[in-house]
Amino acid sequence: MLIQLIGSAIAISVLVGLSALAGIARPTPPLDATSLSALLAQEFPDHRPMASWISADGRAALARDGDTALVLWRRGDGYVARDLDWAAVATAPSLRGRRILKTADGRPALAVADDVWPPKELAA
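Peer 1: Account for the nonpolar core, naming residues and giving values.
Peer 2: Trp53, Leu62, Val71, Val89, Leu101, Leu110 and Trp117 are the most contacted members of the largest nonpolar core, which totals 16 residues. Broken down by secondary-structure element, the contributors of at least two residues to this core are β2 (60-65), β3 (68-75), β4 (78-85) and α3 (86-90). Per element, the largest residue contribution to this core is three residues, and it comes from β3. Discounting residues that sit within four places of it in the chain, Leu101 has contacts with Leu62, Val71, Leu84, Val89, Ala92, Gly106, Arg107, Pro108 and Leu110. Core analysis: the next-biggest nonpolar cluster, separate from the first, contains 11 residues, Leu31, Ala61, Leu70 and Ala81 among them.

Peer 1: Kindly report on the environment of Trp86, identifying the contributing residues and their values.
Peer 2: The topology assignment puts Trp86 in helix α3. Since its relative accessible area comes to 8%, Trp86 is described here as buried. In this structure the C-alpha to C-alpha distance between Trp86 and Thr68, which are 18 residues apart in sequence, comes to 5.0 Å. When sequence neighbours within four positions are dropped, the list of residues in contact with Trp86 reads Arg64, Asp67, Thr68, Ala69, Pro118 and Leu122.

Peer 1: Hey, could you go over the pattern of salt bridges for me, with residue numbers and the actual values?
Peer 2: Counting across every chain of the model gives two salt bridges. Residues Asp57 and Arg98 are paired through a salt bridge, measuring 3.2 Å at the closest nitrogen-oxygen approach. One end of the pair, Asp57, is in the loop between β1 (51-54) and β2; the other, Arg98, is in strand β6 (residues 98-100), and 41 residues separate them in sequence. Owing to a relative accessible area of 27%, Asp57 belongs among the partly exposed residues under this scheme. Note that Arg82 is salt-bridged to Asp105, the shortest N-O span being 2.4 Å. Of this pair, Arg82 sits in strand β4 while Asp105 sits in the loop between β6 and β7 (109-111), and the two are 23 residues apart along the sequence. Take Asp105: its relative accessible area is 37%, and that puts it in the partly exposed class.

Conventions we followed
- Residues numbered from 1 in each chain as written.
- Predicted model: local features only at pLDDT ≥ 70, side-chain atom pairs only at ≥ 80, totals over all residues.
- Heavy atoms only, no water.
- Core = buried A, V, L, I, M, F, W, Y, C linked by side-chain atoms within 4.5 Å.
- Buried < 20%, exposed > 50% of the residue type's maximum accessible area, 1.4 Å probe, protein only.
- Helix = DSSP H or I, 4+ residues; strand = E, 2+ residues; numbered from the N terminus.
- Contact = heavy atoms within 4.5 Å.
- Salt bridge = Lys/Arg side-chain N within 4 Å of Asp/Glu carboxyl O.

By themselves these figures say nothing about function.
Right, dumping it as structure tokens:
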């Protein structure tokens, strides 16, 4: 049993070392204006947003194209993109300084620094 335990520990150590060398768990940088516009162009090529807003923690963003809200949020080592009705985004509930959106496959939380919702950049 001791040999099996030592063998398992060595195997796990080798796997951890390989994953560190391969860079499997890479950090995702926070969104900025440049990366947001690149992601919007890639994920929503048919939309031309009028305004955009990045959450206070840089983990999510919104862009508005008429009555459509384009939502991006961090998940894993990338970003998920969905489009929602603007009315659903404008009336999103608040929980401890975050606005929680409901999509079919996730619930992005948008950090709001000054607790003004919707953001003035997108309200017009």
